[in-house]
Amino acid sequence: MLQTSLFLIDTYTDMKTDHSTSLSFPNFFKTHLQLNLIFNFLFFFLGLSLGIIATLYLTTISYSLHDIPLSLSSPMLLQQQLIPTPLLSPSIINESSCDTSNVSKEVQLHNMVDEEIFWKASMVPKIQTYPYKYVPKVAFMFLTMGPLPLAPLWEMFFKGYEGLYSIYVHPHPSFNETVPEVSVFHGRRIPSKAVLWGTSSMIDAERRLLANALLDFSNERFVLLSETCIPLFNFTTVYNYLIDSNHSFLGSFDDPRKEGRGRYNKEMWPMISISDWRKGSQWFEINRNLALEIISDQKYYSVFQNYCNPPCYNDEHYLPTLINILSWELNSNRSITWVDWSRRGPHPRKFGRGDINLEFLNQIRYSSNCAYNGNTTSVCFLFARKFQPNTLDPLLQIAPALLGFNF
């Protein structure tokens, strides 16, 4: 009974305690709820702020990416951004791929400096097969002071043979005459520098022309011409003669006279010895392998720059000596550009209007004998030099009968 009474008293006491606790719970719950609301609001505000900042950042990046021609989904495009500018297309370089911001009114092929063009031109493909239909071409390189007064004759020469030739023109940089768009010479001007006769600037111009022509992998033969040059045969004859030849055409001979060996500078030894020294005409025709050797040469070029000064003339000695050292067996040791040195003096004879007739031109074309691919031929010269502007009209009158092409 006593135990029962004590149990009832304890139970009553516990119930009283629980009752007093339950009376204070609503206040505690109210306070806790308020704290939760505050913390939730703070987290919401923080998340909203971070979202706005992230959105602005991503939007900025998106706008920046629009200025870069790059897609993250295209690794090939990424590679193109990292490697140097590739070589120009194997096909003939056209005006659409050229920079036209030069001072001249005439369109240039590009605006690359010498160091860049020589570097690109010196590259040789390792794969021997072509990824396009290959047709060998002849590069006609015109080194001029300004205009091409005999251009109409050359227009007749090239007409109908597109795809078999390329044209490159190196005029004085101050020349700004516009070439008609219908002309084969339009847009064929390369970046040029002033050329002084007898100095290394002449060699620089020749190397510059070769480098530009080498960018077209279809060019197999390279002819250097001037504004006074004329063709002696039609295009078909010239093309076949050059493309089928086993040799290049550059005069290179040992001249024991003062005008030859007398120009050798002993400071050139041991890089260039007197037995290496050669003389010849600058008006050459060479194959692609020799063209690559010429524009890639730094060893002998620097020697000539330093030690070949008047009365030593770079244009008469550099190429003949270089080819004699490197690849004499690939050279026919003769020029295919005729010129008259019968008169004494530092310059050859010039021809005017009164000199032009069929007999005179046929004498140039067939009066010599020479070796061609192991055989003897009377066709030794394909071009002739020193024809003045006033010879154009009589040349155009004779051209159909002499050269076999019409207007």
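Fair warning: this is a prediction, and the values are worked out from it, not measured in the lab.

**Here's the deal with helix 4 (residues 151–158)**
Counting buried residues in helix 4 gives six out of eight residues, a clear majority hidden from the surface. Among the residues making up helix 4, those that are buried are Ala-151, Leu-153, Trp-154, Met-156, Phe-157 and Phe-158. Two residues or fewer past helix 4, Gly-160 is found with a positive phi of approximately 90 degrees.

**Section: helix 9 (residues 314–326)**
Compared with an ideal rise of 1.5 Å per residue, which puts 13 residues at 18 Å, helix 9 spans 17 Å between its outermost C-alpha atoms and is within 8% of the ideal. Along helix 9, the positions that sit buried rather than exposed are Asn-314, Asp-315, Glu-316, His-317, Tyr-318, Leu-319, Pro-320, Thr-321, Leu-322, Ile-323 and Asn-324. Packing partners of the buried residues in helix 9 comprise helix 5 (200–214), helix 7 (288–296) and helix 8 (299–307).

**What about the side chain of Glu-227?**
Mapped onto the elements, Glu-227 comes out in the loop between strand 3 (219–226) and strand 4 (230–231). Those residues in contact with Glu-227 that sit more than four places away from it in its chain are Leu-143, Thr-144, Met-145, Pro-147, Leu-148, Pro-149 and Leu-150.

**Examining the pairing of strand 3**
Most of strand 3 sits out of view: seven of its eight residues are buried. One ladder, built from seven bridges, connects strand 1 (residues 137–143) with strand 3; its direction is parallel. From the neighbouring strand, Met-141 faces strand 3, where its bridge partner is Leu-224. Relative to strand 5 (residues 285–287), strand 3 is paired through three bridges, and the arrangement is antiparallel. Note on strand 5: the bridge partner recorded for Phe-222 is Ile-286.

**Structural notes on the state of the cysteines**
Here the structure, examined in full by the defined rule, presents two disulfides. Bridging Cys-308 to Cys-312, the disulfide has an S-S length of 2.0 Å. Between Cys-308 and Cys-312 the sulfur-sulfur dihedral comes to about -90 degrees; the bridge is accordingly left-handed. Across the pair, Cys-312 and Cys-308 agree in class, each one buried. Bridging Cys-370 to Cys-380, the disulfide has an S-S length of 2.2 Å. Across the disulfide from Cys-370 to Cys-380, rotation about the S-S bond amounts to roughly -110 degrees, and the bridge is consequently left-handed.

**Observations concerning the pattern of salt bridges**
Applying the stated criterion to the full structure yields 13 salt bridges. Lys-193 is the partner of Asp-114 in a salt bridge, and the nearest nitrogen-oxygen pair spans 3.6 Å. Of the two residues, Asp-114 is situated in helix 3 (residues 114–121) and Lys-193 in the loop between strand 2 (165–170) and helix 5; the sequence distance between them amounts to 79 residues. The exposure class assigned to Asp-114 is buried, which follows from its relative accessible area of 15%. Lys-193 gets classed as partly exposed once you look at its relative accessible area, which sits at 47%. For Glu-116, the salt bridge is made with Lys-120, and the minimal N-O distance between the two is 3.6 Å. With Glu-116 and Lys-120 both in helix 3, this residue pair falls four residues apart, about one helical turn. When its relative accessible area of 6% is taken as the criterion, Lys-120 is described as buried. Connected through salt bridges with shared partners, the residues Asp-255, Arg-257, Glu-259 and Lys-279 form a single ionic network.

**Here we look at the nonpolar core**
Counting residues in each nonpolar core, the largest one holds 52 residues, and the members touching the most others are Phe-140, Trp-154, Phe-185, Leu-361 and Phe-387. Leaving out residues up to four positions away in the same chain, Trp-154 has contacts with Phe-140, Phe-142, Phe-185, Leu-225, Cys-229, Ile-230, Pro-231 and Phe-383. Core analysis: the next-biggest nonpolar cluster, separate from the first, contains 45 residues, Leu-109, Leu-214, Ile-286 and Cys-308 among them.

**Digging into the sheet that holds strand 1**
Reading across from one edge, 2-1-3-5 is the order of the four strands in this open sheet, with mixed pairing throughout. Every other strand in the sheet has two partners, leaving strand 2 and strand 5 as the edge strands with one partner each. Strand-to-strand twist in this sheet, taken as the mean axis angle between neighbours without regard to direction, amounts to 20 degrees. Across the sheet, helix 4 is in contact with strand 1, strand 2 and strand 3; its angle to strand 1 comes to roughly 175 degrees. On top of the sheet, helix 6 (residues 235–243) reaches strand 1, strand 2, strand 3 and strand 5; it is set at about 105 degrees to strand 1, its chief contact.

**Here's the deal with the sheet that holds strand 4**
Backbone-to-backbone hydrogen bonds pair the strands of a sheet. The strands run either parallel or antiparallel. Pairing in this open sheet of three strands is mixed, and the strands run 4-9-6 from one edge to the other. Of all the strands in the sheet, just strand 4 and strand 6 (337–338) have a single pairing partner and so form its edges. With two bridges joining them, strand 6 and strand 9 (residues 383–384) adopt parallel strand pairing. Bridge pairing in strand 9 places Trp-338 opposite Ala-384.

**Observations concerning the confidence of the model for the protein chain**
Segments scoring low in pLDDT should not have their predicted coordinates read at a detailed level. Averaged over every residue, the pLDDT of the protein chain is 81; the share at 70 or more is 73%. Below a pLDDT of 50 lies the segment residues 1–29, which in the model reaches zero contacts outside its immediate sequence neighbourhood of four places, other chains included. Predicted confidence is poor over residues 57–105, with pLDDT under 50, and the contacts of this stretch with residues over four places away or in other chains come to 48 contacts.

The rules we used
- Residues numbered from 1 in each chain as written.
- Predicted model: local features only at pLDDT ≥ 70, side-chain atom pairs only at ≥ 80, totals over all residues.
- Heavy atoms only, no water.
- Buried < 20%, exposed > 50% of the residue type's maximum accessible area, 1.4 Å probe, protein only.
- Helix = DSSP H or I, 4+ residues; strand = E, 2+ residues; numbered from the N terminus.
- Expected span 1.5 Å × (residues − 1).
- Contact = heavy atoms within 4.5 Å.
- Pairing = 2+ DSSP bridges.
- Disulfide = S-S within 2.5 Å.
- Salt bridge = Lys/Arg side-chain N within 4 Å of Asp/Glu carboxyl O.
- Core = buried A, V, L, I, M, F, W, Y, C linked by side-chain atoms within 4.5 Å.
- Axes fitted to C-alpha atoms, helices over the stretch in contact; angles between N-to-C directions.
- pLDDT = per-residue confidence, 0-100.

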